Amino acid sequence: MPQQTGEATLVLIKPDGIKKSLTGNILTKLSETRFIIVGAKVVRVTTKLAEAHYQHLKDKPFFPDLIKYIQGKPYGPQYERVFALVYKGPGAIPKIREMAGATNPEEADSVSIRGAYGRITTKGVFENVIHASSSPEDAEREIKLWFSPEEIVGDLYPTKKVTLPAREVLEWA
Ligand code: DAT
Ligand code: MG
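Remember, it's a predicted structure, so these values are computed and weren't measured experimentally. (Residues numbered from 1 in each chain as written. Chains lettered and ligands numbered in written order. Predicted model: local features only at pLDDT ≥ 70, side-chain atom pairs only at ≥ 80, totals over all residues. Heavy atoms only, no water.)

Caption draft 1: Examining the side chain of Ser133 more closely. The topology assignment puts Ser133 in the loop between β6 (130–132) and α7 (136–146). Among the polar contacts listed, one links the side chain of Ser133 to the backbone nitrogen of Leu10, at a separation of 3.0 Å. Looking at Ser133, its side chain comes within polar contact range of the side chain of Glu142, at 2.6 Å. If we ignore the near neighbours within four places in the chain, the residues touching Ser133 are Thr9, Leu10, Ile93, Arg97, Ala139 and Glu142. (Helix = DSSP H or I, 4+ residues; strand = E, 2+ residues; numbered from the N terminus. Polar contact = N/O pair within 3.5 Å; in protein donor to acceptor, adjacent residues only side chain to side chain. Contact = heavy atoms within 4.5 Å.)

Caption draft 2: Looking closely at the environment of Arg141. Looking at where Arg141 falls in the secondary structure, it is placed in helix α7. Spatially, the C-alpha atoms of Arg141 and Leu10 are 9.6 Å apart, while their sequence positions differ by 131 residues. Contacts of Arg141, omitting those with residues within four sequence positions, involve Ala52, His53 and Gln55.

Caption draft 3: Structural view of the pattern of salt bridges. By the definition in use, this model includes five salt bridges. Across the salt bridge formed by Glu151 and Lys41, the nearest N and O atoms sit 2.9 Å from each other. In this pair, Glu151 sits in the segment after α7 while Lys41 sits in strand β2 (residues 36–43), placing the two residues 110 residues apart along the sequence. We classify Lys41 as partly exposed; its relative accessible area is 22%. (Salt bridge = Lys/Arg side-chain N within 4 Å of Asp/Glu carboxyl O. Buried < 20%, exposed > 50% of the residue type's maximum accessible area, 1.4 Å probe, protein only.)

Caption draft 4: Main features of helix α4 (residues 63–70). Taken as a whole, α4 has its buried residues at Phe63, Leu66, Ile67, Tyr69 and Ile70. The buried residues of α4 occupy an angular sector of 160 degrees when projected down its axis, which confines them to one face. The elements touched by buried residues of α4 are β1 (8–13), α1 (15–19), α3 (47–53), β3 (82–88) and β5 (126–127). Just downstream of α4 lies Gly72, where phi reads positive at about 80 degrees. (Arc of directions from axis to C-beta.)

Caption draft 5: The site of ligand 1, seen in detail. Near ligand 1 the following residues occur: Lys14, Tyr54, His56, Leu57, Phe62, Leu66, Arg97, Thr103, Arg114, Gly124, Phe126 and Asn128. In this structure, an oxygen atom belonging to ligand 1 sits 2.4 Å away from a side-chain N or O atom of Thr103. Asn128 is positioned with one of its side-chain polar atoms (N or O) 2.8 Å from an oxygen atom of ligand 1. For ligand 1, whose free accessible area comes to 520 Å², the fraction covered by protein is 79%. (Near = heavy atom within 4 Å. Areas by Shrake-Rupley, 256 points an atom, 1.4 Å probe, with all protein chains shown as cover.)

Caption draft 6: Layout of the confidence of the model for the chain. For the chain, per-residue confidence averages 96 on the pLDDT scale, and 97% of positions sit at 70 or higher. A low-confidence stretch, residues 1–5 stays under pLDDT 50, and its non-local contacts, those more than four residues away or across chains, total eleven contacts. (pLDDT = per-residue confidence, 0-100.)

Caption draft 7: Spotlight on the nonpolar core. Counting residues in each nonpolar core, the largest one holds 26 residues, and the members touching the most others are Val86 and Trp146. Taken together, the elements giving at least two residues each to this core come down to β1, β2, α3, α4, β3 and α7. Broken down by element, the residue count for this core peaks at five residues, all from α4. Not counting residues up to four positions away in its chain, the partners in contact with Trp146 are Leu10, Leu12, Lys41, Val43, Val45, Leu49, His53, Val82, Ala84 and Glu151. Judged by nonpolar contacts, the second largest core, of 18 residues, contains Val11, Ile18, Phe35 and Val129. (Core = buried A, V, L, I, M, F, W, Y, C linked by side-chain atoms within 4.5 Å.)

As structure tokens, then:
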């Protein structure tokens, strides 16, 4: 269940948005909402993460292309990443969703991010530049999928302490 600690939403600047050099432009637009950023990172998207994120579409014919798209596979290694952000504030979910625009970039309002910058490829992939959570349930599921509690500034959802078995991690040499 969504918590009362504040409304948070997941934004992904997708690989086509990064390739088109739209990151700054999108962040500027979103900053005008005055919502605060409580998490941000660049992510190399694994197949597992992509499939979990789009689990509701797994039976669609476009699913395999969608998974490759969110991983940036069509664009080359330097674009195989997304910029993941969590915005928080009153009404953040519907407001940012509205700014993102409709799923189909050809049908999206022309001043929305998807309407202004998205396209449908000749293969039928919706290159719609940005992801924005569409409901409180989706937002919570997606934020928990993309971010650990330690990567979020402040509290969003209840946490628990766990002790992990010893494992190797990378440190700066
Ligand atoms: P949204 O991203 O607006 O929440 P969604 O969750 O229904 O939309 O779908 C996720 C992504 O899948 C969407 O951003 C683009 C792709 N997609 C959805 N419907 C599609 C279709 N009919 N053809 C091609 N891609 C589609
Ligand atoms: Mg969706």
